[in-house]
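Descriptive structure summary
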Amino acid sequence: PHGTLNGAIDNIGIGKDTLKVLTSGKRNTVLGNYAGDALTSATANTFIGMEAGSAQDESGYSTALGYQAFQFHKGPNNISIGYRAMYNAGTGGSNIAIGNNAMVAAVTSNSNLAIGQSALQNMTSGSTNIGIGQESQMMQTTGSRNISLGYQTIRGYPNGSVYSDNMAIGHQ
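Rules used throughout
Residues numbered from 1 in each chain as written. Predicted model: local features only at pLDDT ≥ 70, side-chain atom pairs only at ≥ 80, totals over all residues. Heavy atoms only, no water. Helix = DSSP H or I, 4+ residues; strand = E, 2+ residues; numbered from the N terminus. Rg over C-alpha atoms; globule rule 2.2 N^0.38 Å. Buried < 20%, exposed > 50% of the residue type's maximum accessible area, 1.4 Å probe, protein only. Contact = heavy atoms within 4.5 Å. Areas by Shrake-Rupley, 256 points an atom, 1.4 Å probe, with all protein chains shown as cover. Lys, Arg positive; Asp, Glu negative; His and termini not counted. Charge placed at Lys NZ, Arg CZ, Asp CG, Glu CD. Core = buried A, V, L, I, M, F, W, Y, C linked by side-chain atoms within 4.5 Å. Salt bridge = Lys/Arg side-chain N within 4 Å of Asp/Glu carboxyl O. Phe/Tyr/Trp six-rings, centres within 6.5 Å; stacked < 30°, edge-to-face > 60°. Lys NZ or Arg CZ within 6 Å of the ring centre and 35° of its normal. Polar contact = N/O pair within 3.5 Å; in protein donor to acceptor, adjacent residues only side chain to side chain.

1. Let's talk about the overall build of the chain
Across its full length, the chain carries zero helices and 10 strands. A compact globule built from 172 residues should have a C-alpha radius of gyration of about 16 Å, and the chain, at 16 Å, falls within 12% of that. Judged by the C-alpha coordinates and their principal axes, the chain covers about 50 × 20 × 20 Å. Looking at the chain as a whole, 47% of its 172 residues are labelled buried. Considering only contacts within the chain whose residues lie at least 6 apart along the sequence, 1% involve residues at least 24 apart. For the chain, the accessible surface area stands at approximately 7300 Å², while carbon and sulfur atoms represent 56% of it. The centroid of the 8 positive side-chain charges in the chain is displaced by 1 Å from the centroid of its 8 negative side-chain charges.

Given below as structure tokens:
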């Protein structure tokens, strides 16, 4: 750690520039070059992978596993697993993104579940969506309360599609 460590306790950082500006954060576990390198006062985050959670500074209780998972996101209570899962800058919370590029564009999205490669990939501000399957709700940007299960369900065309209150099971 390179920060002033003004009350920081129970933190573990392994890798180049991990926890480099930590001041008063508590119970953070960070493993990987540049992972968690912006953490200052955040609590109970776990970031594993190069550049995982590298923009997170004050919010806590998030877990990121994978190269650039949760890289620019700053929201609390999120789980992102996979290459660039929840990659984009944002503040949305209580999301779960599992799969490469799952919820990659999340900005203010809240309470979403994305499982599968590119599931809810372009979601920026929608909430309470469940997308399970490769490219499930991939083009969805701001829709809410959708449930999709299967390959490319509620995928949507063109980019910027908005669908709300739908349920789809199957292929496309």
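2. Examining the nonpolar core
Ranked by internal contacts, the top residues of the largest apolar core, which has 22 residues, are Leu39, Phe47 and Met103. Setting aside residues no more than four positions away along its own chain, Leu39 makes contact with Leu19, Val21, Leu22, Asn28, Val30, Asn45, Phe47, Gln56 and Asp57.

3. A closer look at the pattern of salt bridges
Per the stated rule, a full pass over the model turns up four salt bridges. Across the pair Arg27 and Asp10 runs a salt bridge, and its minimum N-O distance is 3.8 Å. Highlighted residues: Arg27 in the loop between β1 (12-14) and β2 (29-31) and Asp10 in the segment before β1, separated in sequence by 17 residues. Its relative accessible area of 55% is what places Asp10 among the exposed residues. The salt bridge involving Asp165 is made with Arg145; its shortest N-O contact spans 2.6 Å. Taken as a pair, Asp165 in the loop between β9 (147-149) and β10 (167-169) and Arg145 in the loop between β8 (130-132) and β9 lie far apart in primary sequence, 20 residues in all. Here Asp165 falls in the exposed class, since its relative accessible area comes to 51%.

4. Digging into the packing of aromatic side chains
Inspection of the entire model under this criterion finds three aromatic pairs. Taken together, a centroid distance of 5.8 Å and an interplanar angle of 5° make the contact between Tyr67 and Tyr83 stacked. A residue pair is termed long-range when its members are at least 10 positions apart, and Tyr67 in the loop between β4 (63-65) and β5 (79-81) and Tyr83 in the loop between β5 and β6 (96-98) qualify at 16 residues. The exposure class of Tyr67 is partly exposed, given its relative accessible area of 38%. Take Tyr83: its relative accessible area is 33%, and that puts it in the partly exposed class. On the numbers, 5.1 Å between centres and 80° between planes, the contact of Phe72 with Tyr87 is edge-to-face. Here the residue Phe72 occupies a position in the loop between β4 and β5, and Tyr87 occupies one in the loop between β5 and β6, the gap between them amounting to 15 residues. Looking at Arg84, its charged tip hangs above the ring of Tyr87, at a distance of 4.3 Å from the centre.

5. Some details on the environment of Gln68
Positionally, Gln68 belongs in the loop between β4 and β5. Between the alpha carbons of Gln68 and Met123 there is a distance of 18 Å; along the sequence they are 55 residues apart. Apart from the residues within four sequence positions on either side, Gln68 is in contact with Met50, Glu51, Ala52, Tyr83, Arg84, Ala85 and Tyr87. A distance of 2.6 Å separates polar atoms of two side chains, one belonging to Gln68 and the other to Arg84.

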